[in-house]
Amino acid sequence: MTDAIVVEGVRKRYGDTHALDGLDLRVGRGTVHALLGPNGAGKTTLVRILSTLLRPDGGLVEVAGHDAVTRAREVRRRIGLLGQHAALDEELGGRQNLEMFGRLYHLGARHARVRAGELLERFGLADTGRKAVKRYSGGMRRRLDLAASLLTDPEVLFLDEPTTGLDPRGRAEVWAAVRSLVGGGTTVLLTTQYLEEADQLADRIAVLDRGRLVADGTADELKALAGGDRIDVVLRDGGQLGAAVALLPLAPAEVSVDVDRRLLSAPAAGRMKVLTGVLRALEDAGVEAEDVALRRPTLDEVFLHLTDDPAATPAKETV
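Conventions adopted
Residues numbered from 1 in each chain as written. Predicted model: local features only at pLDDT ≥ 70, side-chain atom pairs only at ≥ 80, totals over all residues. Heavy atoms only, no water. Helix = DSSP H or I, 4+ residues; strand = E, 2+ residues; numbered from the N terminus. Buried < 20%, exposed > 50% of the residue type's maximum accessible area, 1.4 Å probe, protein only. Contact = heavy atoms within 4.5 Å. Areas by Shrake-Rupley, 256 points an atom, 1.4 Å probe, with all protein chains shown as cover. Expected span 1.5 Å × (residues − 1). Pairing = 2+ DSSP bridges. Axes fitted to C-alpha atoms, helices over the stretch in contact; angles between N-to-C directions. Parallel < 35°, antiparallel > 145°, perpendicular 65-115°, else oblique. Left-handed = near helix turned anticlockwise from the far one by under 90°. Nonpolar A, V, L, I, M, F, W, Y, C, P; charged D, E, K, R; others polar. Domains from an automatic or database assignment. Core = buried A, V, L, I, M, F, W, Y, C linked by side-chain atoms within 4.5 Å.

Participant: Is there a simple way to explain the overall build of the protein in this structure?
Facilitator: Within the protein, the secondary structure is distributed over eleven helices and 15 strands. The principal-axis extents of the C-alpha atoms in the protein amount to approximately 80 × 45 × 35 Å. Within the protein, the proportion of its 319 residues that are buried is 48%. Relative to all contacts within the protein whose residues are 6 or more apart in sequence, the contacts with residues 24 or more apart total 69%. For the protein, the exposed area adds up to about 15,500 Å²; of that, 48% sits on carbon and sulfur atoms.

Next comes the structure, spelled out in structure tokens:
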């Protein structure tokens, strides 16, 4: 079996609101699959259903080969969940927290102690195991929280906005920990508000909007949906913007103009061919470029492209 998570036609309503409206999603084993979407898109509802905390109104949900509704106990034995807020005792040390959670998971005193030591070592916290959690940095707390979610060595791990509120160093620490987990074979479903996080970590990215899947693919495939590669040209003289547009070997409708930044931006499907043609046309006309760059759309642009029309009916794009 190649899929760790299978979601087919899942629906969930809260009153008149469709939190999930016929959602389909598959997550391959041993991969990181990110969920993106605006607030209210259904991300947290989906995670709660997958982790057996909420029952769907309809549809199929399988996690680690088991139905999340009819075999919820089997699913719980195979998953870990890291919520948006750390569930740690501030007064206890890191080792004490892990041993306590281990006992709550019915690991037994000795097994919980051994497992706590393994995880403290794995997440670079062995030297801080006796320190009270209230003295931990944000990144250390999140790594400890992540360690607690792994006490039972889950096949599938759900991370719901795991780096919210962390500084760049703390986020980098959590990212390194997630990469290590996936390298060991764990499947990770990640919800995040940070587009860079999805770009850095995810093998595939699913974009949700109003309870439906509107796109699913690799970061590069999703970026292609937002128009593919572009060439950006900053002119030294902003007064030449109009003339420059007419000179470019592209249809004027394809060129966007930012007067304040003296910037022309246009599609660059041929990359080097387009770049060479643009530079030659400007040089022949005596129009001086201050800066020229080839770039791909950012995930921020993809996100806005796919979710910025509240009146539109989402249409799934799988690439």
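Participant: Mind showing me how you'd approach helix α6 (residues 168-183) here?
Facilitator: One turn of an α-helix holds 3.6 residues; hence residues three or four places apart share an orientation. The end-to-end C-alpha separation of α6 is 22 Å, in line with the 22 Å expected for 16 residues at 1.5 Å each. Close packing links the buried residues of α6 with β3 (32-36), α4 (109-122), α5 (138-148), β7 (156-160), β8 (187-191) and α7 (195-201). Downstream of α6 by a residue or two, Gly185 has a phi angle that is positive, lying close to 105°.

Participant: Is there a simple way to think about the sheet that holds strand β12 (residues 256-258) in this case?
Facilitator: The pairing of strands in a sheet happens through backbone hydrogen bonds and is either parallel or antiparallel. Spatially, β12-β13-β11-β14 is the arrangement adopted by the four strands of the open sheet, whose pairing is antiparallel. On the outer flanks of this sheet lie β12 and β14 (289-295), each paired with one strand and no other. Across this sheet, the average inter-strand angle for adjacent strands is 15°, counted without regard to direction. Relative to strand β13 (residues 263-267), strand β11 (residues 230-235) runs antiparallel, the two sharing five bridges. Bridge pairing in β13 links Arg230 to Pro267.

Participant: Whenever I open this one, the sheet that holds strand β1 (residues 3-14) confuses me. Can you help?
Facilitator: Taken in spatial order, the four strands of this open sheet run β2-β1-β4-β5, and their pairing is antiparallel. Sheet topology places β2 (17-28) and β5 (66-67) at the edges, where each strand pairs with a single neighbour. For strand β4 (residues 58-63) and β5, the ladder comprises two bridges, and the chain directions are antiparallel. Bridge pairing in β5 places Val63 opposite His66.

Participant: It is not clear to me how the pairing of strand β9 (residues 204-209) should be interpreted in this structure. Could you clarify?
Facilitator: Sheet faces and side chains relate simply in a regular strand, where the side chains alternate between the two faces. By the criterion of burial, β9 is predominantly enclosed, with five of the six residues buried. In the sheet, β3 pairs with β9 via four bridges, with the strands oriented parallel. Residue pairing for β9: His33 is matched across the bridge by Arg204. With five bridges connecting them, β9 and strand β10 (residues 212-217) associate as antiparallel partners. Within β10, the position partnered with Ile205 by the bridge is Gly217.

Participant: I keep staring at the packing of α5 against α6 and nothing clicks. Help me out?
Facilitator: If you want to describe how two helices pack, look at the angle between their axes and the distance between the axes. Where α5 contacts α6, the axes come no closer than 8 Å and their chain directions differ by 25°. The angle between α5 and α6 places the two elements in the roughly parallel class. As α5 runs across α6, the sense of the crossing is right-handed. Across the interface between the two elements, Gly139, Met140, Arg142, Arg143 and Leu146 from α5 touch Gly170, Glu173, Val174, Ala177, Val178 and Leu181 from α6. In terms of residue class, the contact of α5 with α6 is built from six nonpolar, two polar and three charged.

Participant: I tried to follow the domain arrangement of the protein on my own but got confused; where do I start?
Facilitator: In many analyses, interface size is given as the accessible surface area lost on bringing the parts together. Domain boundaries in the protein define domain 1 (3-224) and domain 2 (229-295). Measuring from the centre of the C-alpha atoms in domain 1 to the corresponding centre in domain 2 gives 44 Å.

Participant: Would you mind going over the nonpolar core with me for this structure?
Facilitator: A general trend in soluble globular proteins is that nonpolar side chains are found buried together. Counting 49 residues, the largest nonpolar core has Leu98, Phe123, Leu144, Leu146, Leu159, Val178 and Ile205 as the members making the most contacts within it. Looking at this core, the element that brings in the most residues is α6, giving six residues. Beyond its immediate stretch of four places on either side in the chain, Leu144 contacts Leu88, Gly94, Leu98, Leu120, Leu125, Val133 and Tyr136. Core analysis: the second largest hydrophobic core is formed by 27 residues, Leu50, Val61, Ala64 and Phe158 among them.

Participant: Got a minute to help me understand unusual backbone geometry in this structure?
Facilitator: With the exception of glycine, most residues fall at negative phi, and the peptide bonds are largely trans. The phi angle at Ala64 is positive, at roughly 55°, despite the residue not being glycine. By the element assignment, Ala64 lies in the loop between β4 and β5. Residue class for Ala64 comes out buried when judged on its relative accessible area of 6%.

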